[in-house]
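Chains, contacts and geometry: an overview
Given next are the chains, with one letter for each unit.
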Amino acid sequence: MTEAWDAAVEAQIRGAVQRGEFDDLPGMGKPIPGQGAPYDESWWIKSFLEREALPSDLLLPTPLQLRRRIEQVPDEVRDLPTEQAVRDFVGQLNGQIVAWLRNPEGPRVVVRPVNADEVVRRWRAERTRGQADAPATEPATVAAPARRTRRGWWLRWRRRS
């Protein structure tokens, strides 16, 4: 039975070669990627990430992803136009952190919510530094009155307990 099957498959392959169906296939004449390299069990996930242009951070457990995002906050808020946009971004990130803290999964890694006031202070300092470096072609704006700092939700919650 297997000999008949093999013969039928070989006949179909020969017919396809004669019709030219295997001509001009992608990768023809190129070396096979990974040929001669040691075997890697996760070759398929690495090739998928590379092919789809996905960041390798997606493979990290949730607490490490959150820590990475916390480290990248200054770079991510740098180009935001308003203070409210910065606060919204930090609020969204803090929401994800709190959701993970309520139901932690993965390795035990310390992850704390981000202080929105500190991020806004750094964002303002960076913007004023950038405006000082830029030529003075724009008219000066009136500074907003000092705003009372908001206490974090965790401080109010801790007091109730």
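Above this text is the structure in question.
Let me sum up the structure you'll find in this document.

Rules used throughout
- Residues numbered from 1 in each chain as written.
- Predicted model: local features only at pLDDT ≥ 70, side-chain atom pairs only at ≥ 80, totals over all residues.
- Heavy atoms only, no water.
- Helix = DSSP H or I, 4+ residues; strand = E, 2+ residues; numbered from the N terminus.
- Buried < 20%, exposed > 50% of the residue type's maximum accessible area, 1.4 Å probe, protein only.
- Contact = heavy atoms within 4.5 Å.
- Areas by Shrake-Rupley, 256 points an atom, 1.4 Å probe, with all protein chains shown as cover.
- Expected span 1.5 Å × (residues − 1).
- Polar contact = N/O pair within 3.5 Å; in protein donor to acceptor, adjacent residues only side chain to side chain.
- Axes fitted to C-alpha atoms, helices over the stretch in contact; angles between N-to-C directions.
- Parallel < 35°, antiparallel > 145°, perpendicular 65-115°, else oblique.
- Left-handed = near helix turned anticlockwise from the far one by under 90°.
- Core = buried A, V, L, I, M, F, W, Y, C linked by side-chain atoms within 4.5 Å.
- Nonpolar A, V, L, I, M, F, W, Y, C, P; charged D, E, K, R; others polar.
- Salt bridge = Lys/Arg side-chain N within 4 Å of Asp/Glu carboxyl O.

**Quick notes on the overall build of the protein chain**
Within the protein chain, the regular secondary structure consists of seven helices and zero strands. In sequence order, the secondary structure elements of the protein chain are arranged as α-α-α-α-α-α-α. The proportion of buried residues among the 161 residues of the protein chain is 16%. Of the contacts formed within the protein chain by residues at least 6 apart in sequence, a portion of 59% connects residues at least 24 apart. Roughly 13,800 Å² of accessible area belongs to the protein chain as shown, and the carbon and sulfur atoms make up 55% of that amount.

**Some points on helix α6 (residues 116–133)**
Between its first and last C-alpha, α6 extends 26 Å over 18 residues, near the 26 Å set by a 1.5 Å rise per residue. On the buried face of α6, the contacting elements are α4 (73–77) and α5 (83–102). N-cap assignment for α6: the residue whose side-chain oxygen lies 3.1 Å from the backbone N of Asp 117 is Asn 115.

**Structural notes on the packing of helix α3 (residues 62–71) against α5**
It is the contact of α3 with α5, at a shortest axis distance of 11 Å, that shows an interaxial angle of 160°. Considering their axes alone, α3 and α5 lie roughly antiparallel with respect to each other. Relative to α5, the crossing made by α3 is left-handed. Residues Thr 62, Pro 63, Leu 66, Arg 69 and Ile 70 of α3 lie in contact with α5, whose contacting residues are Phe 89, Leu 93, Gln 96, Ile 97 and Trp 100.

**Digging into the nonpolar core**
Ranked by size, the top nonpolar core spans 16 residues in total, and within it Val 77 and Val 119 carry the most contacts. Looking at this core, the elements that each hand over two or more residues are α4, α5 and α6. With six residues, α5 is the largest single contributor of residues to this core. Those residues within four positions of Val 119 in sequence are excluded, and the remaining contacts are Val 73, Val 77, Val 86, Val 90 and Val 114.

**Section: helix α1 (residues 2–19)**
Taking 1.5 Å as the rise per residue, α1 with 18 residues should run 26 Å; its terminal C-alpha atoms sit 26 Å apart, in good agreement. Directly after α1, the chain includes Gly 20, whose backbone phi takes a positive value near 85°.

**Quick notes on the packing of α5 against α6**
Their axes nearest at 10 Å, the elements α5 and α6 cross at an angle of 140°. Between α5 and α6, the crossing angle belongs to the class labelled oblique. In the packing of α5 onto α6, the handedness of the crossing is right-handed. For the pair formed by α5 and α6, the contact residues are Glu 83, Val 86, Arg 87 and Val 90 on the first element and Ala 116, Asp 117, Val 119, Val 120, Trp 123 and Arg 124 on the second. In terms of residue class, the contact of α5 with α6 is made up of six nonpolar, no polar and four charged.

**Observations regarding unusual backbone geometry**
A positive phi angle, close to 60°, is found at Asp 24, a residue other than glycine. Along the chain, Asp 24 turns up in the loop between α1 and α2 (43–52). Its identity as a non-glycine residue notwithstanding, Ala 53 has a phi of 55°, on the positive side. The topology assignment puts Ala 53 in the loop between α2 and α3.

**A word on the pattern of salt bridges**
Within the structure shown, the criterion is met by eleven salt bridges. One salt bridge connects Asp 75 with Arg 78, and the closest N-O pair in it is separated by 3.0 Å. Since its relative accessible area comes to 47%, Asp 75 is described here as partly exposed. When the shortest N-O distance is used, the salt bridge between Glu 126 and Arg 78 registers 2.4 Å. Placement of the pair is Glu 126 in helix α6 and Arg 78 in the loop between α4 and α5, with a sequence separation of 48 residues. Classification of Arg 78 by relative accessible area gives partly exposed; the value is 38%. Residues joined in a network through salt bridges with shared partners are Glu 83, Arg 87, Asp 117 and Arg 124.

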